[in-house]
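What follows is each chain in one-letter form.
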Amino acid sequence: MTVTTHPDYRYRPGPLHAMLLAGTVPLFLGALLSDIAYYNSFQIQWANFAAWLIAGGLLFAGLALLFALGNLIGAQRKAGRPVLYFLLLLVTWVIGLINAFEHAKDAWAVMPTGLVLSVVVAVLAVITAWLGLSNLRSGGER
């Protein structure tokens, strides 16, 4: 019987990487909740809250993306879950940036596109954080 081992990736996020990645979830989720409050109340301040929360989420996701890129570049074998994690984080950041541009519009022009984008970004952030904070080893003993 042959045992195949694959080198573990350096993809277990370090403490700073994990904090940045985990920080994206409450920020994007808060933006979604602010958009829902704005949709229901017509109080413009909720849209302002959402715009600031999106900006914070983009900052955290962008820094986590840099860590993920560094880990991916340093990996010996570039395939599987680490690449999926990086691509999901990149898609989350890009759609979050589009959402930020949408929230830069004036008053009610944000709705309903901003709300839909906030839902998509919040769901992507949760999935990406789940994938990124779970065990990202591709191989091991089989």
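## Points about the packing of aromatic side chains
Piece 1. Taken as a whole and assessed by the stated rule, the structure comprises 4 aromatic pairs.
Piece 2. Measuring from ring centre to ring centre gives 5.9 Å for Tyr 39 and Trp 108, while their planes differ by 20°; the resulting arrangement is stacked. On the criterion of sequence distance, the pair formed by Tyr 39 in helix 1 (residues 15-41) and Trp 108 in the loop between helix 3 (81-103) and helix 4 (113-133) is long-range, its members being 69 residues apart.
Piece 3. The partly exposed category is assigned to Trp 108, whose relative accessible area is 36%.
Piece 4. Centre to centre, the rings of Trp 46 and Phe 49 are 5.5 Å apart; their planes meet at 80°, and the pair counts as edge-to-face. A residue pair is termed a helical-turn pair when its members lie 3 or 4 positions apart in one helix, as Trp 46 and Phe 49 do in helix 2 (residues 44-74) at 3 residues.
Piece 5. Residue classification places Trp 46 among the partly exposed residues on the basis of a relative accessible area of 33%.
Piece 6. An aromatic cluster is defined as three or more aromatic residues linked by ring pairs; in this entry it consists of Tyr 38, Tyr 39, Phe 42 and Trp 108.

## Here we look at the UniProt feature "transmembrane region" (unreviewed entry) in the chain
Piece 1. In the numbering used here, UniProt assigns the feature "transmembrane region" (unreviewed entry) to residues 16-37, 49-70, 82-101 and 107-133.
Piece 2. Between the first and last C-alpha atoms of residues 82-101 the distance is 29 Å; the span itself is 100% helix and 0% strand.

## What to know about helix 3
Piece 1. Its 23 residues place the ends of helix 3 32 Å apart at the C-alpha level, agreeing with the 33 Å of an ideal helix rising 1.5 Å per residue.
Piece 2. Within the span of helix 3, buried status applies to Pro 82, Tyr 85, Phe 86, Leu 88, Leu 89, Thr 92, Ile 95, Gly 96, Asn 99, Glu 102 and His 103.
Piece 3. Looking at the buried side of helix 3, the elements it contacts are helix 1, helix 2 and helix 4.

## Structural notes on the nonpolar core
Piece 1. Counting 23 residues, the largest nonpolar core has Leu 21, Phe 28, Tyr 85 and Leu 89 as the members making the most contacts within it.
Piece 2. Breaking this core down by element, the ones donating at least two residues are helix 1, helix 2, helix 3 and helix 4.
Piece 3. Of the residues forming this core, the biggest block, 8 residues, is contributed by helix 2.
Piece 4. Non-local contacts of Phe 28, meaning those with residues more than four positions away in its chain, are made with Ile 54, Gly 57, Leu 58, Ala 61, Thr 92, Val 121, Ala 122 and Ala 125.
Piece 5. Within the second largest apolar cluster, 7 residues are counted, among which are Tyr 38, Ala 47, Met 111 and Ala 122.

## Things to note about the side chain of Thr 92
Piece 1. Summarising the element assignment, Thr 92 is placed in helix 3.
Piece 2. Not counting the four nearest positions on each side in its chain, Thr 92 is found in contact with Phe 28, Val 121, Leu 124, Ala 125 and Thr 128.

## As for helix 1
Piece 1. The terminal C-alpha atoms of helix 1 lie 39 Å apart, and with 27 residues this matches the ideal 39 Å at 1.5 Å per residue to within 8%.
Piece 2. Once helix 1 ends, the next one or two residues include Phe 42, with phi positive near 65°.

## So, the environment of Ile 98
Piece 1. By the secondary structure assignment, Ile 98 is in helix 3.
Piece 2. Here Ile 98 falls in the partly exposed class, since its relative accessible area comes to 45%.
Piece 3. Distance in space between the C-alpha atoms of Ile 98 and Val 121 is 9.9 Å, their sequence separation being 23 residues.

## Observations regarding the pattern of salt bridges
Piece 1. Following the criterion strictly, the structure yields 1 salt bridge and no others.
Piece 2. Between Glu 102 and Lys 105 there is a salt bridge, with the nearest N and O atoms lying 3.0 Å from each other.
Piece 3. Lys 105 sits in the partly exposed class, given a relative accessible area of 42%.

## Observations concerning the environment of Ile 36
Piece 1. In this structure, Ile 36 sits in helix 1.
Piece 2. By relative accessible area, which is 36% here, Ile 36 ends up partly exposed.
Piece 3. For Ile 36 and Pro 112, which are 76 residues apart along the polypeptide, the C-alpha to C-alpha distance reads 9.9 Å.

Cut-offs applied
Residues numbered from 1 in each chain as written. Predicted model: local features only at pLDDT ≥ 70, side-chain atom pairs only at ≥ 80, totals over all residues. Heavy atoms only, no water. Phe/Tyr/Trp six-rings, centres within 6.5 Å; stacked < 30°, edge-to-face > 60°. Helix = DSSP H or I, 4+ residues; strand = E, 2+ residues; numbered from the N terminus. Buried < 20%, exposed > 50% of the residue type's maximum accessible area, 1.4 Å probe, protein only. UniProt positions renumbered as here; feature names shortened; annotations may be inferred. Expected span 1.5 Å × (residues − 1). Contact = heavy atoms within 4.5 Å. Core = buried A, V, L, I, M, F, W, Y, C linked by side-chain atoms within 4.5 Å. Salt bridge = Lys/Arg side-chain N within 4 Å of Asp/Glu carboxyl O.

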